[in-house]
Amino acid sequence: MADSIPLNPVRKFSRRIQYYNSAGLSRFSSEDETSNLDEMPLMMSEEGFENDESDYQTLPRARAGQRHRGFGWFLLGGWKVLCGSCCDCLARLCRRKKELKARTVWLGCPEKCEKYPKNSIKNQKYNVVTFVPGVLYQQFKFFLNLYFLVVACSQFVPSLKIGYLYTYWAPLGFVLAVTMVREAVDEVRRHQRDKDMNSQLYSKLTVRGKIQVKSSDIQVGDLIIVEKNQRIPADMIFLRTSEKTGACFIRTDQLDGETDWKLKVAVGCTQRLPAVGDLFSINAYVYAQKPQLDIHSFEGTFTREDSDPQIHESLSIENSLWASTVVASGTVIGVVIYTGKETRSVLNTSSAKNKIGLLDLELNRLTKALFLAQVVLSVVMVALHGFVGPWYRNLFRFVVLFSYIIPISLRVNLDMGKSAYGWMIMKDENIPGTVVRTSTIPEELGRIVYLLTDKTGTLTQNEMVFKRLHLGTVSYGTDTMDEIQSHIIQSYAQVPSQPSSGGGVTSGSTPSRKTQNSAPKVRKSVSSRIHEAVKAIALCHNVTPVYESHPSVNGETESAEADQDFSDDNRTYQASSPDEVALVRWTESVGLTLVNRDLTTLQLKTPSGQILSFHILQIFPFTSESKRMGIIVREESTGEITFYMKGADVAMASIVQYNDWLEEECGNMAREGLRTLVVSKKCLSEEQYQDFESRYNQAKLSVHDRALKVAAVVESLEREMELLCLTGVEDQLQADVRPTLELLRNAGIKIWMLTGDKLETATCIAKSSHLVSRSQDIHVFRPVSNRGEAHLELNAFRRKHDCALVISGDSLEVCLRYYEHEFVELACQCPAVVCCRCSPTQKAQIVRLLQQHTANRTCAIGDGGNDVSMIQAADCGIGIEGKEGKQASLAADFSITQFRHIGRLLVVHGRNSYKRSAALGQFVMHRGMIISTMQAVFSSIFYFASVPLYQGYLMVGYATIYTMFPVFSLVLDQDVKPEMALLYPELYKDLTKGRSLSFKTFLIWVLISVYQGGILMYGGLVLFESEFVHVVAISFTALVLTELLMVALTVRTWHWLMVLAEFFSLGCYLASLAFLNEYFGLGRVSFGAFLDLSFITTWPFLWKVSSITLVSCLPLYIIKYLKRKFSPPSYSKLSS
């Protein structure tokens, strides 16, 4: 692949590698330090690599020579580096944060705690003092606005004054006023939102009873009562609840983007207290770790000192209530441990960067070029005059005179255009529900080269359907599920119904277990294996059945609850993962139903309606590190203790007993696009469990390395487990994903899929969604852990041609550490790239890599909280309102409801926005350049006098009412119909090259402006020699007509509003001739000539003005016609 790329790894990145090596990254430095990879080209044979044949020993010396920094380095830009580093140091000193510390919090005694941040939310950008300076800085950091400010300020100097102050300050004031009002409205809204949040009232428990406090007055150590559906105001430890189970549900969608409810557990010691007031009669404290970013972990301890012996309880994430979550059931009481800036939600809030569109940056560059031209023109004028008198003052006056070269209306027109594009996107009936959250970058949608997409919930629906159960010798699919159902009914019907229904069932299954334990060689029947597998799936999960309470039920009577439990229609399942809900729904469909669950018990209903009760002894939740979850239950009827565990095949393969089918079947299911889980079990004796429990509780109480100690104790159980079954769950593709991806590929957009899912599933979805076409090869990047392996694997990858790349997050990290530049160059040539096992920060890192190495525009699309960092890092972020909540949608620049809408958003709206803005920007510049050309001709004729050609109102009118509407109507222009743009997405490819607005097109417009300005001024002087005093009226009329005709020349598809704008502007101009006649005199009072109405109604005036206008426009129309005939653009071929 691309043999032309020179792959010398370390010339540019040697310093970075030294830094990494010195940082003590032991995992990558085992054998790297001995090998001289620094001096080795990437393309080297494996023999050469092994023998370490290197003749590049001269490179380090060459690099050492580069490091000497002398006076030359300082002059050639070193001063910038030094100034920048000094500013950074000062900024760091000013922003130095208070160090975060672990803490001991006494219950209900805030006075015993240290001083911690105030619990107030502050999302405002500015305060009363910083508002005006802050907004002005944001505006004037752009060259365009700074230029206008300098020119406007110059008019306060009498000797430099050209016209009226309002002609300079009115447009600038208007732009600033609009910006400030918009910012002020946003600030007021933010302030109001903050005020509402901070003034929410909560009940605080004190020795004297309950009192109401504002959210902002809550302190560390306070005992706060939070009602159902109320927001939790600060990070708390859960002490008590009104629920009998000692647990409650909370909604976390505002924190992590997940819509599933989370189960939280109260501290046992405080939940057991007889009354709420007893919280003040005990002497207890909570030890909490220092505030951290991770919202999924917490370590702490609860200690009660006044009991004998002291009570110690370990605290984990399930005892925590984070701020910004909402209580979904019951009333909770908690002790506050973190407030304000130290809460998890505030620590995880990153301020989104202000995104600036590429078009705005290009126009900024063009305005700098125009400014240079303006200065050069002024110098030429003064030079031709001969540098006589106070020439420097004349020079500045000329700079001000020609200031219309860069029109201030450029910003106004473009900003209004962006708002119009946003409105059009939101009003498009073909993409309903689309929201434009960032109105400053709609043109970016038309320049996308790389689209980085999430998989789950974006390309797929995040709706899980159970598809396959594999027992090793037999496999069941959707069409054979009725066999499983009959086996389950049969196995639970073997033993006749007894008063203790649970006992009846288990006695049927117990003998087989005893047989197995005593003689493992005996094979079980398929029926008993299915029974055990289904039972394991029905027990090993964190799903809770939830029943909606009926309005008619006032008291929570036992009978009402009992009636409710069995109404299947009224039952919904809550879990933190849709996979788990799919599994439990499936067990319900085959006859084993989860009917009730609390912290300590779990109940299943058999096909015959009997209830099996299980006591939950321990739960080991799923984590991304362990990739598995486990549960230990005791069956109430038999007292038998069983440890069930399920997880990913990579994690479970070493845990289950030896078998010859698991790996192969996992691969088969992954190729079908199914998410696989391995289910296993282990029977424990009472002694085994008691020994485990004591070690486990001891590990949970440790303050240092708790997670490692707990994991070690759990791993002691995870040995030689009995493999029960393998399950396959399908995540269905979103509607029209395949045609949308094909459309984007044909539009020249390269698609990268970044997912946290495993390699097999990601590869399979890439194939099924046609991200990778059937004919394309897939190169799976082998796992690499050090520099040598990465070197060889990159060489192997480089020999492949036109193949899709699949790489895991760990291998990617190693490649980027040592061969960043080479890896990105190779990956960018692939038609598609799939990165699996990606963390949220890695997703954002890949976006930034593409921006740095390719300088192309990137677009990121996702639907979950884990995609927010990627969406914010991309040039254009698109969020989908999905199953995982609205967090991605709220953080994005554009929010859509379905993935398929992205095709129309980019190919139709993105294309139109960019082409329209490019035309609008250049036309507004042309409007300024033509009048500056006329001014230059006028001054050169009048002995290089720095006198303005047109006075105040005429200049304001020219930029606004006379030409604004026709020029702005270009935002309605389109070269092809939307249907055509979708049918031929190849049209989109042209835009990524930026040909609609480039130095070439800009120079063409400059030449047109110079030609037309010269014709209008010289034509007026030649044809109206005898009526010379009327030159202003003549040239200005011809100028307005020319502008209106030029709009007509630029338009590609007429809209009725465009025609209306043309005639309205012409009408306004003709009407104003009567009112503004004094302004049409040449030099006004100095020449004493005014507009003569009788003169402009004569035939000579009309035909001469018409002929000047014709000469200025007709050649351009002819050129356009010939170009369309002999070298038509791609879109005109389609429209014809």
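The paragraphs below set out a description of the structure included in this document. Model, not experiment: these values are computed from the prediction.

Examining the overall build of the protein
Summing up its helical and strand segments, the protein has 40 helices and 33 strands in all. Within the protein, the fraction of its 1136 residues that count as buried is 52%. For the protein, the accessible area works out to roughly 52,000 Å², and carbon and sulfur atoms hold 57% of it.

Overview of the packing of aromatic side chains
Inspection of the entire model under this criterion finds 27 aromatic pairs. Their ring planes at 40° and their centres at 6.3 Å tell us that Y689 and F692 sit as a pair that is tilted. Here the residue Y689 and the residue F692 both occupy positions in helix α21 (residues 686-701), the gap between them amounting to 3 residues, near one helical turn. Within the aromatic cluster, the residues linked to one another by ring pairs are F620, F643, Y689, F692 and Y696. The residue whose ring lies beneath R103 is Y116, and the NZ or CZ to ring-centre distance is 4.0 Å. In this arrangement the basic side chain of K112 is found over the ring face of W106, its NZ or CZ atom lying 4.3 Å from the centre.

Here's the deal with the sheet that holds strand β21 (residues 601-605)
As summarised here, the arrangement of the 9 strands in space is β17-β16-β26-β25-β24-β23-β22-β21-β20, forming an open sheet in which the pairing is antiparallel. Of all strands in the sheet, those bounded by a partner on one side alone are β17 (475-476) and β20 (593-597). As paired strands, strand β16 (residues 460-470) and strand β26 (residues 722-733) are joined by 7 bridges and run antiparallel to one another. Residue pairing in the sheet places L469 in a bridge with T727 of β26. Here α21 sits on the sheet and contacts β22 (611-620), β23 (628-635), β24 (641-647) and β25 (674-684); the angle it forms with β22, its principal contact strand, is near 40°.

What about a nonpolar patch on the surface?
Judged by side-chain polarity, L1045, L1110, L1114, Y1117, I1118, Y1121, L1122 and F1126 come together as a nonpolar surface patch covering roughly 800 Å² of accessible area. For the nonpolar patch, the element with the most residues is helix α39 (residues 1099-1126), which contributes 7 residues.

Digging into helix α6 (residues 143-154)
Every α-helix carries 3.6 residues per turn, so stepping three or four residues along brings you back to the same face. With 12 residues, α6 extends 17 Å between its outermost C-alpha atoms, agreeing within 8% with the 16 Å of an ideal straight helix rising 1.5 Å per residue. At its buried positions, α6 is contacted by α5 (131-140), α7 (165-198), α11 (358-385), α12 (391-401) and α13 (409-427).

Section: the pattern of salt bridges
Counting across every chain of the model gives 30 salt bridges. Across the salt bridge formed by D306 and R304, the nearest N and O atoms sit 2.8 Å from each other. Look at D306 and you get partly exposed, because its relative accessible area is 38%. In the salt-bridge network here, residues are joined through shared partners; they are D360, K418 and E443.

Observations regarding unusual backbone geometry
The omega torsion across D308 and P309 is 0°, close enough to zero to call that bond cis. Tracing the chain through its elements places P309 in the loop between β9 (300-304) and β10 (311-315). Positive phi outside glycine occurs at A855, with the angle close to 60°. With respect to the helices and strands, A855 occurs in the loop between α27 (840-854) and β31 (857-862). In this structure A855 comes out as exposed when scored by relative accessible area, which is 64%.

Some points on the packing of helix α30 (residues 901-941) against helix α35 (residues 999-1023)
At a minimum axis distance of 8 Å, the contact between α30 and α35 shows a crossing angle of 40°. By the angle between their axes, α30 is oblique relative to α35. For the pair α30 and α35, the sense of crossing is right-handed. In the contact of α30 with α35, the residues fall into 17 nonpolar, 8 polar and no charged.

Here we look at helix α16 (residues 526-539)
In this model, α16 (14 residues) spans 20 Å end to end at C-alpha, consistent with the 20 Å of a helix rising 1.5 Å per residue. Summarising burial for α16: 13 of the 14 residues are buried, a large majority.

Considerations on the sheet that holds strand β28 (residues 777-780)
Across the sheet, which stays open at both edges, the 9 strands sit in the order β14-β33-β32-β31-β15-β27-β30-β29-β28 with mixed pairing between neighbours. Since the sheet does not close on itself, it has two edges, and those belong to β14 (435-436) and β28, each with one partner. With 4 bridges connecting them, β31 and strand β32 (residues 876-880) associate as parallel partners. Bridge pairing in β32 links A860 to G877. Against the sheet, α27 contacts β15 (448-453), β27 (750-754), β30 (832-836) and β31, and its axis sits at roughly 165° relative to β15.

Quick word on the pairing of strand β5 (residues 235-241)
The element β5 is extensively covered by neighbouring structure, given that 7 of its 7 residues are classed as buried. Judged from the 2 bridges that link them, β5 and strand β11 (residues 320-321) form a sheet pairing that is antiparallel. Within the sheet, the bridge partner assigned to M236 lies in β11 and is L321.

What about the nonpolar core?
Membership of the largest hydrophobic core comes to 96 residues, with the highest contact counts inside it found for I878, F894 and I902. Looking at this core, the element that brings in the most residues is α30, giving 13 residues. Residues contacting I902, with those up to four places away along its chain left out, are L451, T740, L744, I861, I878 and I896. Membership of the second largest hydrophobic core comes to 42 residues, among which are A533, V543, I616 and V679.

Conventions used here
- Residues numbered from 1 in each chain as written.
- Predicted model: local features only at pLDDT ≥ 70, side-chain atom pairs only at ≥ 80, totals over all residues.
- Heavy atoms only, no water.
- Helix = DSSP H or I, 4+ residues; strand = E, 2+ residues; numbered from the N terminus.
- Buried < 20%, exposed > 50% of the residue type's maximum accessible area, 1.4 Å probe, protein only.
- Areas by Shrake-Rupley, 256 points an atom, 1.4 Å probe, with all protein chains shown as cover.
- Phe/Tyr/Trp six-rings, centres within 6.5 Å; stacked < 30°, edge-to-face > 60°.
- Lys NZ or Arg CZ within 6 Å of the ring centre and 35° of its normal.
- Pairing = 2+ DSSP bridges.
- Contact = heavy atoms within 4.5 Å.
- Axes fitted to C-alpha atoms, helices over the stretch in contact; angles between N-to-C directions.
- Patch = residues over 30% accessible without salt bridge, like charges linked within 9 Å, V, L, I, M, F, W, Y side chains within 5 Å.
- Salt bridge = Lys/Arg side-chain N within 4 Å of Asp/Glu carboxyl O.
- Expected span 1.5 Å × (residues − 1).
- Parallel < 35°, antiparallel > 145°, perpendicular 65-115°, else oblique.
- Left-handed = near helix turned anticlockwise from the far one by under 90°.
- Nonpolar A, V, L, I, M, F, W, Y, C, P; charged D, E, K, R; others polar.
- Core = buried A, V, L, I, M, F, W, Y, C linked by side-chain atoms within 4.5 Å.

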